[in-house]
Amino acid sequence: MYRAQNYVKAETAEQAYQLNQKKNNAILGGGCWLRLGHRTIGTLIDLSSLGLGQIEDQEDQVVLGAMTTLRQLETSPLLRQHFGELFADMTRHIVGVQFRNCATLGGSLASRFGFSDILTGLLALDCQVELAGAGVMPLAQYAAQPYDRDVLLRVMVRKNGRRAAYQSMRNTQTDLPVLTCAVSQGEDGSLRAVVGARPHRAQVLDGLSRETLAEAVAALPYGSNLRAGADYRRHLSRVLSQRALEELEKEAAR
């Protein structure tokens, strides 16, 4: 469990950014990961007054606030309307409903966890992130950077017709994933594959075809840990990518 010496409910994004530049301070998202550690935090920074807990429909994009909970993503009719079952599929196995009611989008993305279902799923779409310090950048660029002390404010998901399907493999229902995989198709018909929990960070492969998909994902580097070995993960990458592709094709045929 963590202890905080000070607590501040940030009034502006700039205030949150400045406070977070001190190494011993921390952003309070849902607090789900913080409570698993044992540390003393200088100042705990609360973003709940910044209006970041909403899902907003705009003309050409859907904007997800960093304080949006995983349960909101899972159950949103707006996200289902524009992106099918993707958001429900990439959140439904994350621990349990109580956890998903607390865990936030920002908390799930900011640490760039290799096992992140959310990061794998969103990378299959065309997304940008808004940061308090660095401004707007593509999600793929943000995901590839090392952890820093900027403050993630929003994720903007383009409504450009790209649909994605998500698959994951777990040893038990609510465990961390052994492998995650998302496949999406753009307007030109080309495929994008994203593979995470390798156990490294999610890797994006663009410009694939139905014929090249399985071998392309299997050619990625895979590692071993207590959940699975590298060879098993490589085998799963072929299986999950094909399942995701079949889901896309079924949806297109409806």
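Right above here is the structure, for reference.
How each quantity is defined
Residues numbered from 1 in each chain as written. Predicted model: local features only at pLDDT ≥ 70, side-chain atom pairs only at ≥ 80, totals over all residues. Heavy atoms only, no water. Helix = DSSP H or I, 4+ residues; strand = E, 2+ residues; numbered from the N terminus. Rg over C-alpha atoms; globule rule 2.2 N^0.38 Å. Buried < 20%, exposed > 50% of the residue type's maximum accessible area, 1.4 Å probe, protein only. Arc of directions from axis to C-beta. Contact = heavy atoms within 4.5 Å. Pairing = 2+ DSSP bridges. Polar contact = N/O pair within 3.5 Å; in protein donor to acceptor, adjacent residues only side chain to side chain. Axes fitted to C-alpha atoms, helices over the stretch in contact; angles between N-to-C directions. Core = buried A, V, L, I, M, F, W, Y, C linked by side-chain atoms within 4.5 Å. Salt bridge = Lys/Arg side-chain N within 4 Å of Asp/Glu carboxyl O. Phe/Tyr/Trp six-rings, centres within 6.5 Å; stacked < 30°, edge-to-face > 60°.

K.L.:
Mind showing me how you'd approach the overall build of the chain here?
P.N.:
In terms of helices and strands, the chain carries 10 helices and 12 strands. On C-alpha atoms alone, the chain measures out to a radius of gyration of 18 Å, which is about the 18 Å that the 2.2 N^0.38 rule sets for 254 residues. For the chain, the spread of C-alpha atoms along the principal axes amounts to about 55 × 45 × 30 Å. When each of the 254 residues of the chain is scored for burial, the buried share is 49%.

K.L.:
Help me understand helix α1 (residues 13-20) in this model?
P.N.:
Each α-helix turn comprises 3.6 residues. Residues three or four places apart therefore point the same way. Within α1, burial applies to Ala 16, Leu 19 and Asn 20. Looking straight down α1, one finds that the buried residues subtend no more than 95° of arc, so they occupy a single side. Its buried side turned inward, α1 meets β1 (3-9), β2 (26-28) and β3 (40-46).

K.L.:
Looking at this structure, how should I read the pairing of strand β11 (residues 191-196)?
P.N.:
Every other side chain in a regular strand lies on the same face of the sheet, so the side chains alternate between the two faces. Of all six residues in β11, six are buried, a share of seventy percent or more. Taking every second residue as pointing to the same face, both faces of β11 are buried, with Leu 191, Ala 193 and Val 195 on one and Arg 192, Val 194 and Gly 196 on the other. Direction of pairing for β11 relative to strand β12 (residues 203-208): antiparallel, over a ladder of four bridges. Across the sheet, the residue bridging to Leu 191 is Leu 208, located in β12. Taking the residues between adjacent antiparallel strands as the criterion, β11 and β12 are bridged by six residues, where Ala 197 takes a positive phi near 55°.

K.L.:
Help me out: how do you make sense of the environment of Asn 160 in this one?
P.N.:
Relative to the elements of secondary structure, Asn 160 occurs in the loop between β8 (152-158) and β9 (163-169). In contact with Asn 160, other than residues within four places in its own chain, are Asp 126 and Glu 187. In terms of polar contacts, Asn 160 uses its side chain to reach the side chain of Asp 126, at 2.6 Å.

K.L.:
Would you mind going over the sheet that holds β9 with me for this structure?
P.N.:
Hydrogen bonds along the backbone pair up the strands of a sheet, which may run parallel or antiparallel. Spatially, β9-β10-β11-β12 is the arrangement adopted by the four strands of the open sheet, whose pairing is antiparallel. The open sheet has two edge strands, β9 and β12, and neither has a second partner. The mean inter-strand angle of the sheet, taken between neighbouring strand axes irrespective of direction, is 15°. Sheet topology note: the β9/strand β10 (residues 179-185) ladder contains seven bridges and is antiparallel. Residue pairing for β10: Met 169 is matched across the bridge by Leu 179. Docked against the sheet, helix α10 (residues 230-253) engages β9, β10 and β11, running at close to 145° with respect to β9.

K.L.:
Can you help me understand unusual backbone geometry in this one?
P.N.:
Backbone torsion omega between Arg 198 and Pro 199 reads 10°, so that peptide bond is classified as cis. Here Pro 199 is to be found in the loop between β11 and β12. Phi at Val 95 is positive, roughly 60°, even though this residue is not glycine. Within the secondary structure layout, Val 95 lies in the loop between α4 (86-91) and α5 (97-102). In this structure, Ala 197 is a non-glycine residue whose phi angle is positive, near 55°. Positionally, Ala 197 belongs in the loop between β11 and β12. Since its relative accessible area comes to 3%, Ala 197 is described here as buried.

K.L.:
Explain the nonpolar core here, please?
P.N.:
One broad rule of soluble globular proteins: the nonpolar side chains tend to lie buried together. Ranked by internal contacts, the top residues of the largest apolar core, which has 36 residues, are Leu 64, Phe 87, Leu 122 and Val 155. Among the elements that line this core, the one with the most residues is helix α7 (residues 117-123), at four residues. Each residue touching Leu 122, except ones within four places of it in the same chain, is listed here: Phe 87, Met 90, Leu 105, Leu 109, Cys 127, Leu 139, Val 155 and Val 157. In this structure, Leu 205, Val 217, Leu 220 and Ala 244 belong to the second largest nonpolar core, which totals 21 residues.

K.L.:
Mind showing me how you'd approach the pattern of salt bridges here?
P.N.:
Close approach of charged atoms allows side chains with opposite charge to pair. Under the defined criterion, the tally for this structure stands at 16 salt bridges. Overlapping salt bridges bring together Asp 126, Arg 162, Arg 192 and Asp 206 as one network.

K.L.:
I would appreciate a short explanation of the packing of aromatic side chains in the present structure.
P.N.:
Here the distance between the centres and the angle between the planes together describe a pair of aromatic rings. On inspection of all chains with the given rule, the structure shows two aromatic pairs. Relative to Phe 87, the ring of Phe 83 has its centre 5.8 Å away and its plane inclined at 55°; by these criteria the two rings are tilted. By relative accessible area, Phe 83 is classed as buried at 2%. Under the relative-accessibility criterion, Phe 87 is labelled buried at 2%. When the centroid spacing of 4.9 Å and the interplanar angle of 10° are considered together, the rings of Phe 113 and Phe 115 count as stacked. For Phe 113, a relative accessible area of 24% puts it in the partly exposed group.

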